[in-house]
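# Descriptive analysis of the structure
Now for the letters of each chain:
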Amino acid sequence: GGWEGFAVVYAEPYAEVGIGLTPWMHVSATLGYQFLGNFAPGRFCRDLLLRSPSLGLTIAWGAF
């Protein structure tokens, strides 16, 4: 048989800025770019390549 799907590689370079609002709460924002491309079959990152900007917001609790 042959391939019935793709094996993929994934990368997301991003920048993150965080602020400690209290000694136990941290808020951060991220801005990045996601890449998803085929590893196999076919030509590496040619037969399937998806790109998308990303924006995220995180709230974390703990000791900062």
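Here, every reference points to the structure presented above.
Procedures and definitions
Here the residue numbers are simple positions, counted from 1 along each chain's written sequence. For this predicted model, a pLDDT threshold of at least 70 governs which residues receive local features, and a threshold of 80 or more governs which side-chain atom pairs are given and counted, while totals over whole chains, interfaces and linings are taken from all residues. With hydrogens and water set aside, each side-chain value is computed from the structure's full complement of heavy atoms. Paired strands, as defined in this entry, are two strands with at least two bridges between them according to DSSP. Secondary structure elements are taken from DSSP: a helix is a run of H or I of four residues or more, a strand is a run of E of two residues or more, and numbering for both begins at the N terminus. Burial classes follow relative accessibility: with a 1.4 Å probe on protein chains only, a residue under 20% of its type's maximum area counts as buried, one over 50% as exposed, and anything between as partly exposed. Pairing of N or O atoms within 3.5 Å defines a polar contact, subject to two protein rules: one partner must be a possible hydrogen donor and the other a possible acceptor, and residues neighboring in sequence count only if both atoms are side-chain atoms. The contact rule is simple, with two residues in contact once any of their heavy atoms fall within 4.5 Å.

### Observations regarding the pairing of strand β2 (residues 14-22)
The sheet contact formed by β2 and strand β3 (residues 25-40) spans 8 bridges and is antiparallel. Looking at β3, one finds that G20 is bridged to H26. Count of turn residues in the β2/β3 antiparallel hairpin: 2 residues.

### Here's the deal with the pairing of β3
For strand β1 (residues 7-11) and β3, the ladder comprises 5 bridges, and the chain directions are antiparallel. Each residue of the ladder has a partner; that of A7, found in β3, is A40. With 13 bridges connecting them, β3 and strand β4 (residues 49-61) associate as antiparallel partners. For G32, the partnering residue across the bridge sits in β4 and is S54.

### Quick look at the side chain of S28
Along the polypeptide, S28 turns up in strand β3. Overall, the relative accessible area of 4% leaves S28 in the buried class. Of the polar contacts made by the side chain of S28, one reaches the side chain of E16; its length is 3.1 Å. Once residues lying within four places of it in the same chain are set aside, the contact partners of S28 are E16, V17, G18, G56, L57 and T58.

### Some details on the environment of P53
Turning to its location among the elements, P53 is positioned in strand β4. According to the relative accessible area criterion, P53 is exposed, its value standing at 59%. As a C-alpha pair, P53 and G37 span 16 residues in sequence and 15 Å in three-dimensional space. If we skip the residues at most four places from it in the chain, P53 touches G32 and Y33.

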